[in-house]
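Below, each chain spelled out in residue letters.
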Amino acid sequence: MLGPIVRINAREIHINDPKYYDEIYASGTHRRNKDAEFVSFTGLLLSSASTTDHDLHRYRRGLMNNFFSKKSVRGISYFVEEKVHNLMQRFEAFYRCNKVVRLDDAFAAMTSDVITHYCYGKSWDYLDYANLRTDVRKAVHDLTCSVHFNRIFPIFLAVLKKLPLQWLYAIHPGRSVVLDIQKTIYEQSAEAIHGDKYKIGHNDAVDKHKTIYDQLTDPSIPAEERSLQRLQDEGLLLVSAGTETTARALTTACFHIASDDQVRTRLREELRTVLPTPTSSVTWSELEKLPYLVSEDKPSSHFLCPTFRSSLSVEFLQHH
């Protein structure tokens, strides 16, 4: 009988033992480089997720840490809430037309709009399309389907990255959605690095916020960390991860809420204490004090920012 540690090849082992968690995942006191062969399958070699050197990875991740703090997320809460309301309006329109809509696609359209605004200062407005565009989600799916092939044949991915986008459209027209996403990110990365940034935030200059790409192209950062390829790789990573992980967690949460009458009833009762009507408003600080809402959100949304969790849960439960 096999134990909790199994060697699968000459250089890899699988560990199924929670006692090894702190050994496998480097904490603040550990220094450990990533496996270059393992991270190469994404093709985003200059992104923070694919950075192999421990210190360089920590530096690149540190550039963006503040953007994902609770304080920073609250700073763009007005925009997140706006997108949540747009999504609810689309749901109501689909309901009136008796049209079926996939929750995972709908949430992916919303999260794409939010993360693109946060990265570049301009939302891609997927929610405004008649059938809710889900290009980023399709691109993520395409990437995950090719993970094993890319790991076994890394030369294939290396060759593709060197080809112009026009050639890739001709060679692989079935991947046009993925290539469109890549083209858009390349263009916006070029605009960011040349200083042609979008106007962001409210019309009032006081309310304008700094985007992730403002930070990544700051002159204080070493020139090699502000290269076009580096911005392109990081952009594709951020947009993909910021779309799919959050959309998946929201879909999972709504499925369990809709499937369990007891959970749904209890959440509604608790929410009515701070939101007596569908048009009532509430701050995240107030929602954090609702014990059942917070406890139900955590299992399905470990990586969700609080604004996503609170806004969508409230809207969903009030209207349904």
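This structure is a prediction, so every number in the text was calculated from the model and none was measured. (Residues numbered from 1 in each chain as written. Predicted model: local features only at pLDDT ≥ 70, side-chain atom pairs only at ≥ 80, totals over all residues. Heavy atoms only, no water.)

**Some thoughts on the side chain of Ser112**
- Within the element layout of this structure, Ser112 appears in helix H6 (residues 103–120).
- Residue Ser112 is classed as buried on the basis of its relative accessible area, which comes to 1%. (Helix = DSSP H or I, 4+ residues; strand = E, 2+ residues; numbered from the N terminus. Buried < 20%, exposed > 50% of the residue type's maximum accessible area, 1.4 Å probe, protein only.)

**Description of helix H5 (residues 77–96)**
- End to end, H5 covers 29 Å across 20 residues, agreeing with the expected 28 Å (1.5 Å per residue, within 8%).
- Listing the buried residues of H5 in full gives Phe79, Val80, Lys83, Val84, Leu87, Met88, Arg90, Phe91 and Phe94. (Expected span 1.5 Å × (residues − 1).)

**Brief notes about a nonpolar patch on the surface**
- A surface patch of nonpolar side chains, about 650 Å² in accessible area, is lined by Ile5, Ile13, Ile15, Tyr20, Tyr21, Ile24 and Tyr25.
- Contributing elements (two or more residues each) for the nonpolar patch: strand E2 (12–15) and helix H1 (21–24).
- By secondary structure assignment, the location of Ile13 is in strand E2. (Patch = residues over 30% accessible without salt bridge, like charges linked within 9 Å, V, L, I, M, F, W, Y side chains within 5 Å. Areas by Shrake-Rupley, 256 points an atom, 1.4 Å probe, with all protein chains shown as cover. Salt bridge = Lys/Arg side-chain N within 4 Å of Asp/Glu carboxyl O.)

**Quick word on the packing of aromatic side chains**
- Overall, the coordinates contain six aromatic pairs when judged by the stated rule.
- Judged by centre distance (6.2 Å) and plane angle (90°), the rings of Phe68 and Tyr118 are edge-to-face. On the criterion of sequence distance, the pair formed by Phe68 in the loop between helix H3 (54–64) and helix H4 (70–75) and Tyr118 in helix H6 is long-range, its members being 50 residues apart.
- Looking at Phe68, the relative accessible area reads 47%, which means it is partly exposed.
- Judged by its relative accessible area of 6%, Tyr118 is buried.
- Residues Tyr120 and Tyr213 carry aromatic rings whose centres are separated by 4.7 Å and whose planes lie at 50° to one another, so their mutual orientation is tilted. Placement of Tyr120 in helix H6 and of Tyr213 in helix H12 (residues 212–216) is noted, with a sequence separation of 93 residues between them.
- The buried category is assigned to Tyr120, whose relative accessible area is 5%.
- Taking the relative accessible area as the measure of exposure, Tyr213 reaches 2% and is therefore buried.
- The structure contains a cluster of three or more aromatic residues connected by ring pairs, namely Phe67, Phe68 and Tyr118. (Phe/Tyr/Trp six-rings, centres within 6.5 Å; stacked < 30°, edge-to-face > 60°.)

**A look at the nonpolar core**
- One finds Leu87, Trp124 and Ile212 to be the most contacted residues of the largest nonpolar core, which totals 40 residues.
- When residues of this core are traced back to their parent elements, those giving at least two are H3, H5, H6, helix H7 (135–145), helix H11 (176–193), H12 and helix H13 (228–259).
- Among the elements that line this core, the one with the most residues is H6, at ten residues.
- With ten residues, the next largest nonpolar core counts Leu275, Leu287, Leu290 and Leu293 among its residues. (Core = buried A, V, L, I, M, F, W, Y, C linked by side-chain atoms within 4.5 Å.)

**Some remarks on unusual backbone geometry**
- With a phi close to 55°, Asn98 is a non-glycine residue in the positive phi region.
- Tracing the chain through its elements places Asn98 in the loop between H5 and H6.
- Exposure remark for Asn98: the relative accessible area of 72% places this residue in the exposed category.
- If you check the backbone angles, Asp125 has positive phi at about 55° while not being a glycine.
- You can see Asp125 is positioned in the loop between H6 and H7.
- Taking the relative accessible area as the measure of exposure, Asp125 reaches 31% and is therefore partly exposed.

**Points about the packing of H6 against H13**
- Orientation of H6 relative to H13, taken along the N-to-C sense of each, is 145°, at an axis distance of 8 Å. Of the two possible hands of crossing, H6 and H13 adopt the one that is right-handed. Side by side, H6 and H13 meet where Leu103, Asp104, Phe107, Ala108, Met110, Thr111, Ser112, Ile115, Thr116, Cys119 and Tyr120 of the first sit next to Gly235, Leu238, Val239, Gly242, Thr243, Thr246, Ala247, Leu250, Thr251 and Cys254 of the second. (Axes fitted to C-alpha atoms, helices over the stretch in contact; angles between N-to-C directions. Left-handed = near helix turned anticlockwise from the far one by under 90°. Contact = heavy atoms within 4.5 Å.)

**Looking at the packing of H5 against H6**
- For the pair H5 and H6, the least separation of the axes is 10 Å and the interaxial angle reads 155°. If you check the angle between H5 and H6, you find them roughly antiparallel. In this structure, the crossing between H5 and H6 has a hand that is right-handed. Facing Tyr78, Phe79, Val80, Lys83, Val84, Leu87 and Phe91 of H5, the residues of H6 in contact are Leu103, Ala106, Phe107, Met110, Asp113, Val114 and His117.
- Counted by class, the contact of H5 with H6 contains eleven nonpolar, one polar and two charged residues. (Parallel < 35°, antiparallel > 145°, perpendicular 65-115°, else oblique. Nonpolar A, V, L, I, M, F, W, Y, C, P; charged D, E, K, R; others polar.)

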